[in-house]
Structure formats: structure tokens, C-alpha cells
Amino acid sequence: MKIFATQMIGYLKKIAEEEAAFEDGARLLAQAIIGDGRILLHGFHEMEAVVIEALCGQDKLPKAVRLMENGHLRDDIDETDRVLLISRFSNDKDAIDLAERLKEQGLEIAAISAAVEAEQPSLVDIVDVHIDSKLRKPIIPKEDGSRIGFPAVITASFAYYCLLLTIYDILEEYE
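Going along each chain's sequence as written, the residues are numbered from 1 onward. Local features in a predicted model are, by the rule used here, given only for residues with pLDDT of at least 70; side-chain atom pairs are given and counted only at 80 or more, and totals for whole chains, interfaces and linings are based on all residues. To obtain the side-chain values, all non-hydrogen atoms of the structure were included, while hydrogens and water were left out.

Engineer: Please clarify how the packing of aromatic side chains should be interpreted in this entry.
Structural biologist: The relation between two aromatic rings is expressed through the spacing of the ring centres and the mutual angle of the planes. In this analysis, rings of Phe, Tyr and Trp, with Trp reduced to its six-membered ring, are considered paired at centre separations within 6.5 Å, and the interplanar angle assigns stacked below 30 degrees, edge-to-face beyond 60, and tilted for intermediate values. If you walk through the whole model with that rule in mind, you get two aromatic pairs. The lysine or arginine in question, Lys 14, covers the ring of Tyr 11, its NZ or CZ lying 5.3 Å from the ring centre. Geometrically, a charge over a ring is one whose NZ (Lys) or CZ (Arg) sits within 6 Å of the ring centre while staying within 35 degrees of the ring normal.

Engineer: Could you clarify how one ought to interpret the pairing of strand S1 (residues 39–43) in this entry?
Structural biologist: Consecutive side chains along a regular strand alternate between the two faces of the sheet. Per-residue accessibility, obtained with a 1.4 Å probe over protein chains only, is compared with the maximum for each type, and a residue is labelled buried under 20%, exposed over 50%, and partly exposed between these values. Counting from the N terminus, the helices are DSSP H or I runs at least four residues long and the strands are E runs at least two residues long. The buried count for S1 comes to five of five residues, which makes it a mostly enclosed element. Here is how to tell: hold the view so the strands point away, follow the path from the first strand over the helix to the second, and if it runs clockwise the crossover is right-handed. On the question of chirality, the crossover connecting S1 to the parallel strand S2 (residues 64–66) by way of helix H3 (residues 48–56) is right-handed. Think of it this way: DSSP has to see at least two bridges between two strands before they count as a pair. Strand direction decides the pairing type here: S1 and strand S5 (residues 82–89), joined by five bridges, are parallel. Within the sheet, the bridge partner assigned to Ile 39 lies in S5 and is Arg 82.

Engineer: What is the right way to look at H3 in this model?
Structural biologist: Side chains three or four residues apart in an α-helix point the same way, a direct result of the helix having 3.6 residues per turn. Looking at H3, one finds that the buried residues are Val 50, Val 51, Ala 54 and Leu 55. One side of H3 holds all its buried residues, which, seen down the axis, span an arc of 130 degrees. Residues of H3 that are buried sit in contact with S1, S2, S5 and helix H6 (152–174). Note that the arc is computed from the directions linking the helix axis to the C-beta atoms. Contact between two residues is taken to exist if any of their heavy atoms lie within 4.5 Å; hydrogens are not considered.

Engineer: Before we go on, may I ask you to explain the packing of helix H2 (residues 19–34) against H6 in this structure?
Structural biologist: A pair of packed helices can be characterised by two numbers: the angle between their axes and the separation between those axes. All axes here are fitted lines through C-alpha atoms, helices being fitted over the stretch that makes contact, and every angle between N-to-C directions spans 0 to 180 degrees. The interhelical angle for the contact between H2 and H6, taken along N-to-C directions, is 60 degrees, at an axis separation of 8 Å. Taken together, the axes of H2 and H6 are oblique relative to one another. Like other packed secondary-structure pairs, H2 and H6 cross with a definite hand, here right-handed. When H2 is examined against H6, the residues Phe 22, Glu 23, Gly 25, Ala 26, Arg 27, Leu 29, Ala 30, Ile 33 and Ile 34 are found in contact with a partner set consisting of Ala 159, Cys 162, Leu 163, Thr 166, Ile 167, Ile 170, Leu 171 and Tyr 174. Among the residues forming the contact of H2 with H6, the class breakdown is 13 nonpolar, two polar and two charged. We call two directions roughly parallel when the angle between them is under 35 degrees, roughly antiparallel when it is over 145, roughly perpendicular when it lies between 65 and 115, and oblique otherwise. Crossing chirality is assigned from the near helix's rotation relative to the far helix, an anticlockwise turn below a right angle marking it left-handed and a clockwise turn marking it right-handed. Throughout this entry, Asp, Glu, Lys and Arg are counted as charged residues, while Ala, Val, Leu, Ile, Met, Phe, Trp, Tyr, Cys and Pro are counted as nonpolar. The remaining residues, Gly among them, count as polar.

Engineer: It is not clear to me how the pattern of salt bridges should be interpreted in this structure. Could you clarify?
Structural biologist: Any two side chains of opposite charge can pair, so long as their charged atoms come close to each other. By definition, a salt bridge exists where a carboxyl oxygen of Asp or Glu is found within 4 Å of a side-chain nitrogen of Lys or Arg. Under the definition given, this model contains 14 salt bridges. The salt bridge involving Asp 81 is made with Arg 38; its shortest N-O contact spans 2.8 Å. In this pair, Asp 81 is assigned in the loop between strand S4 (72–73) and S5 and Arg 38 in the loop between H2 and S1, connecting sequence segments 43 residues apart. For Lys 93, the salt bridge identified is with Asp 97, shortest N-O distance 3.1 Å. Of the two residues, Lys 93 and Asp 97 both sit in helix H4 (residues 93–104), four residues apart, roughly one turn of that helix. Exposure remark for Lys 93: the relative accessible area of 58% places this residue in the exposed category. By relative accessible area, which is 31% here, Asp 97 ends up partly exposed.

What follows is the structure, encoded as C-alpha cells:
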């Protein structure tokens, strides 16, 4: 437990250093909140947990709705909307494909994922703002040399909360 806690604290501190990305992402998403748009959310695989937190948690993301309805893109998306995509890694093919489709529609996108070195394309290069959730491999070494413990939902949730708190700061300044 101590190793896990120590490792997690280290990752969370690294994520908190993404201040410029949080500022840029918060400004991008706040445009929809302040204006006539919505924040369209989509989490890939286990990252759906972050979307559920944003929609149903104690601290809901203002004007947030799901990007997908019944497995398809909403049909009421327009240029006032902003998108937040959350995936485990920046080279997730499904996330890249969706981001490319959304960019073709002229939407502005923020994303949370662990930035990994990959052949092009990468989510980092497609979206307008990328927040690196840092976790690229399991964090607990085992005696046989393998590793276990990949708390991607925790690191992505922490990044989401840093983004949310920055959005709240911007909205307070705007008022």
C-alpha cells in the first residue's frame, strides 16, 4: 500500500504541473458554458467513469451532456459546443478517429489522456488542447519483474478535477 500511495502522489504532482494545459482547456470549455453551447463528453472504455463523475457527481460540469446517444454522435451538435474526450492513451485509435471526425465538423476539442510516443496520428496533435494524465505503465513492481496496478481512472479523474477547478476560476472572473 505504501508503494502504491507514494507512486500515486508522484503521478498526481506531475499532472498538477500541467498548468498551461489546464488553463487552455478551461478557457476552451468555458466558452461553451458562458455562451450558448454545451460541453460534449465522451470517455473511452474505463474512462466512462470520468464522464459519469462530470454528469452525476457532486461537482457537475456545467452544461455538460454526452457526445454520443445510442452509440452514435448526437445530431444536435453545432459550433457553439465544445468537446472533452478522455482516453487511456493518446494513441487510442478510436479516440483519434472520433477526434478527426469532430475536427472535420469544425468543433474545438480538449482531451485527457496519457501522451505516448506513437506513430502519427496522435490525439495530442489532433485536439486543440491536450492534458497529459501521465500514466503509461503499471506502477507496482512485482518480484518476478512484471508490474501491476494501472490506476488510469484515478489519474484521469484527477486531471478532470484540475480542469474543473480551473473552469470554476474562469467563471468566477467572468461574473
